[in-house]
Amino acid sequence: MDSILVTGNGPLNGEIPIAGAKNACLTLMPATLLSEEPLTLTNAPRLSDIRTMTTLLQSLGAEVSSLQDGKVLAMSSHDLTSHKADYDIVRKMRASILVLGPMLARDGQAVVSLPGGCAIGARPVDLHLTALEALGAEMELKDGYVHAKAPGGLKGGIIEFPFVSVGATENALMAATLAKGTTVIRTAAREPEIVDLADCLRAMGAQIEGDGTSEITIQGVDRLHGATHPVVTDRIELGTYMLAPAICGGEVELLGGRIDLLQAFIEKLDAAGVHVQETPRGLKVAQRNGRVNAVDVVTEPFPGFPTDLQAQMMALMCTANGVSVLEEKIFENRFMHAPELIRMGAQIDVHGGTATVTGVERLKGAPVMATDLRASVSLILAGLAAGGETVVSRVYHLDRGYEHVVSKLSGVGAKIERIKGQ
Ligand code: EPZ
């Protein structure tokens, strides 16, 4: 298994291009199942999760061609040859559950393995199933698989989520586009990735209103046609790299960055004393006056502070002036980066869903282990600011969500290299 060696090397300066959003692409790709005509995605990120979704769609009979070094995904699911999403693919990536809604809407049948939990929590899919049942689907759980049927096709209905679920909103939204009649989704997720999916579905002929708010209304149509759609900028990659100059000092321009994607996060950076300004090409982040101020963080569904940036923000707070309280309210076990940061000299006290961080002058480089995607990059950020060398092992987690992290960071002066595993 590869690892990454980071050596604290002072302030960073230059520019980092931001890729298309992993979490948008992973829901846009299954949308190809909704139409017999080609769907082409541009600005796609080059990530292992995208390759996993490609394999899954191909196992169902879809054609997926990765063009222009992976930035363009040309897909066509004219003839589905299978309706079964196998456990060995689904267990690798929870987002595989997102083929359930489109397959049901398209062919009235789907067999999808339950994803199983992952490091950050049990992550059940009960809300996905109840949402599709509200559209007339019959669900049966057998041998670890969801057997879903909608013999006469899906019918529009009212879906009331008890709390926000991004994936369940995406499954319901995709399924409703071909359901007969009107569907209303309440307590819908408002993430930019939902709006991006709705934009793509509208380009395919879907009739959707209210995306980006908590109530989405969909008028079902008989069929969807092909389209070409650009994947929205990855706000989590953006926020992650904004924290690099924040924790190391210096000035970095994030190409393609947009303030509207990260309002709550940027407000916290501002309160911490990190200067963020819009430029014609994206966002510029500057940090010149030593340590940042400690700020408190509570993770919430969009437009609140993103849970996917909690680990990275914790790394910054480890070097802040003062005490910061971070509350993780989305997932039940998303502080696994804390013990690794403590190995680097951080002072963190975790009680249940709350982590109290007392900032220190300087972290010390150490060998640490990545436990999940966002934890892995939080350790890299800490290593950039620490004195000495940090070796982050199990970086396969990183490859799921960050393309070319070594070249992007070394491009702004970081001392970072990938060490091939034996
Ligand atoms: C999406 O996961 C993202 N993944 C996650 O990003 C992100 O952290 C999460 O949304 C929250 O923003 C993708 O988009 C591929 P949820 P998802 O359904 O859809 C519970 C990353 O690092 N829940 O909004 O799985 C669930 O356990 C990943 O890129 C149920 O109880 O998240 C969690 O506690 C990590 N039953 C909460 O809801 C369900 O049926 C929010 O989960 C579904 C979810």
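Quick caveat: nothing in here was measured; it's all calculated off a predicted structure.

1. Thoughts on the sheet that holds strand 20 (residues 347-351)
With mixed pairing, 4 strands are arranged side by side in an open sheet as 18-19-21-20. The outermost strands of the open sheet, each flanked by one partner alone, are strand 18 (297-298) and strand 20. Here strand 20 pairs with strand 21 (residues 354-358) via 5 bridges, running antiparallel. Within the sheet, the bridge partner assigned to Ile348 lies in strand 21 and is Val357. Contacts from helix 10 (residues 310-317) reach strand 18, strand 19 (323-327), strand 20 and strand 21 within the one sheet, and its direction differs from that of strand 19 by about 170°.

2. Here's the deal with the packing of helix 8 (residues 235-248) against helix 9 (residues 263-271)
Two elements in contact, helix 8 and helix 9, have axes whose closest approach is 11 Å; the angle formed by their N-to-C orientations is 10°. Here helix 8 is positioned roughly parallel relative to helix 9, judged by the angle of their axes. Across from Gly239, Met242 and Leu243 in helix 8, the residues of helix 9 making contact are Phe265, Ile266 and Leu269. Class assignment of the residues belonging to the contact of helix 8 with helix 9 gives a composition of 5 nonpolar, 1 polar and no charged.

3. Topic: the domain arrangement of the protein
In terms of domains, the protein is made up of domain 1 (3-19 + 233-419) and domain 2 (22-230). Across the boundary between the two partners, domain 1 contributes 23 residues, which contact 20 residues of domain 2. Buried surface at the junction of domain 1 and domain 2, summed over both partners, amounts to about 1800 Å²; 50% is from carbon and sulfur atoms. The largest contributions to the domain 1 side of the interface with domain 2 come from Phe302, Arg400 and Glu403, which together make up 32% of the buried area. Joining domain 1 to domain 2, the criterion identifies 3 salt bridges. Two residues, Glu193 and Arg235, come together in a salt bridge whose shortest N-O distance is 2.8 Å. Class assignment for the residues of the side of domain 1 that touches domain 2 results in 9 nonpolar, 4 polar and 10 charged.

4. A short note on the site of the ligand
Around the ligand lies a shell of 22 residues, among which Asp126, Leu127, Ser165, Asp308 and Ile330 are the nearest. At 3.3 Å from an oxygen atom of the ligand is found a main-chain nitrogen or oxygen belonging to Pro124. Contacts to the ligand include Ser165, whose side-chain N or O atom sits 2.7 Å from an oxygen atom. Its free accessible area being 820 Å², the ligand has 87% of it covered by the protein chains. Elements with a minimum of two residues in the shell around the ligand: helix 1 (22-28), helix 5 (126-133), helix 6 (166-176) and helix 12 (373-385).

5. A few points about the nonpolar core
Membership of the largest hydrophobic core comes to 78 residues, with the highest contact counts inside it found for Val99, Leu173 and Leu201. With 6 residues, helix 6 is the largest single contributor of residues to this core. Leave out the neighbours within four places in its chain, and Leu201 touches Ala31, Leu34, Leu173, Met174, Thr177, Ala206 and Ile208. Counting residues in hydrophobic clusters, the runner-up holds 69 residues, among them Met242, Val276, Met313 and Leu373.

6. Topic: the side chain of His229
Inspection of the secondary structure assignment puts His229 in strand 14 (residues 227-230). Residue classification places His229 among the buried positions, given a relative accessible area of 6%. With near-sequence residues (within four places) excluded, His229 lies in contact with Leu28, Thr40, Leu41, Thr42, Asp196, Asp199 and Cys200.

7. A few points about unusual backbone geometry
For the peptide bond that leads from Phe302 to Pro303, omega is 15°, which places it in the cis range. The phi dihedral of Asp69 falls on the positive side, at around 55°, and the residue is not glycine. Tracing the chain through its elements places Asp69 in the loop between strand 4 (63-67) and strand 5 (72-76).

8. Some thoughts on the sheet that holds strand 6 (residues 84-85)
Read across the open sheet, the 4 strands follow the order 6-7-9-8; overall the sheet is mixed. Across the chains shown, the open sheet's two edge strands, defined by having one partner strand only, are strand 6 and strand 8 (138-142). Note that strand 6 and strand 7 (residues 109-113) share 2 bridges and pair parallel. What sits directly across from Lys84, in strand 7, is Val111.

9. Considering helix 10
The buried fraction of helix 10 amounts to 8 of the 8 residues, a majority that puts the element mostly inside the structure. Inspection of helix 10 places Gln310, Ala311, Gln312, Met313, Met314, Ala315, Leu316 and Met317 among the buried residues, and these make up the whole buried set.

10. Overview of the packing of aromatic side chains
Per the stated rule, a full pass over the model turns up 2 aromatic pairs. Relative to Tyr402, the ring of Tyr241 has its centre 6.4 Å away and its plane inclined at 85°; by these criteria the two rings are edge-to-face. Here Tyr402 lies in the loop between helix 13 (396-399) and helix 14 (405-410) and Tyr241 lies in helix 8, a separation of 161 residues in the sequence. For the pair Phe265 and Phe305, a centre-to-centre distance of 5.7 Å together with 55° between the ring planes defines the contact as tilted. Remark: Phe305 occurs in the loop between strand 18 and helix 10 and Phe265 occurs in helix 9; sequence separation between them is 40 residues. Residue Phe265 shares its accessibility class with Phe305, and that shared class is buried. A cation over a ring is seen here: Lys84 above Tyr145, with NZ or CZ 4.7 Å from the ring centre.

What counts, and at which threshold
Residues numbered from 1 in each chain as written. Predicted model: local features only at pLDDT ≥ 70, side-chain atom pairs only at ≥ 80, totals over all residues. Heavy atoms only, no water. Pairing = 2+ DSSP bridges. Helix = DSSP H or I, 4+ residues; strand = E, 2+ residues; numbered from the N terminus. Contact = heavy atoms within 4.5 Å. Axes fitted to C-alpha atoms, helices over the stretch in contact; angles between N-to-C directions. Parallel < 35°, antiparallel > 145°, perpendicular 65-115°, else oblique. Nonpolar A, V, L, I, M, F, W, Y, C, P; charged D, E, K, R; others polar. Domains from an automatic or database assignment. Buried area = accessible area lost by both parts, 1.4 Å probe. Salt bridge = Lys/Arg side-chain N within 4 Å of Asp/Glu carboxyl O. Near = heavy atom within 4 Å. Polar contact = N/O pair within 3.5 Å; in protein donor to acceptor, adjacent residues only side chain to side chain. Areas by Shrake-Rupley, 256 points an atom, 1.4 Å probe, with all protein chains shown as cover. Core = buried A, V, L, I, M, F, W, Y, C linked by side-chain atoms within 4.5 Å. Buried < 20%, exposed > 50% of the residue type's maximum accessible area, 1.4 Å probe, protein only. Phe/Tyr/Trp six-rings, centres within 6.5 Å; stacked < 30°, edge-to-face > 60°. Lys NZ or Arg CZ within 6 Å of the ring centre and 35° of its normal.

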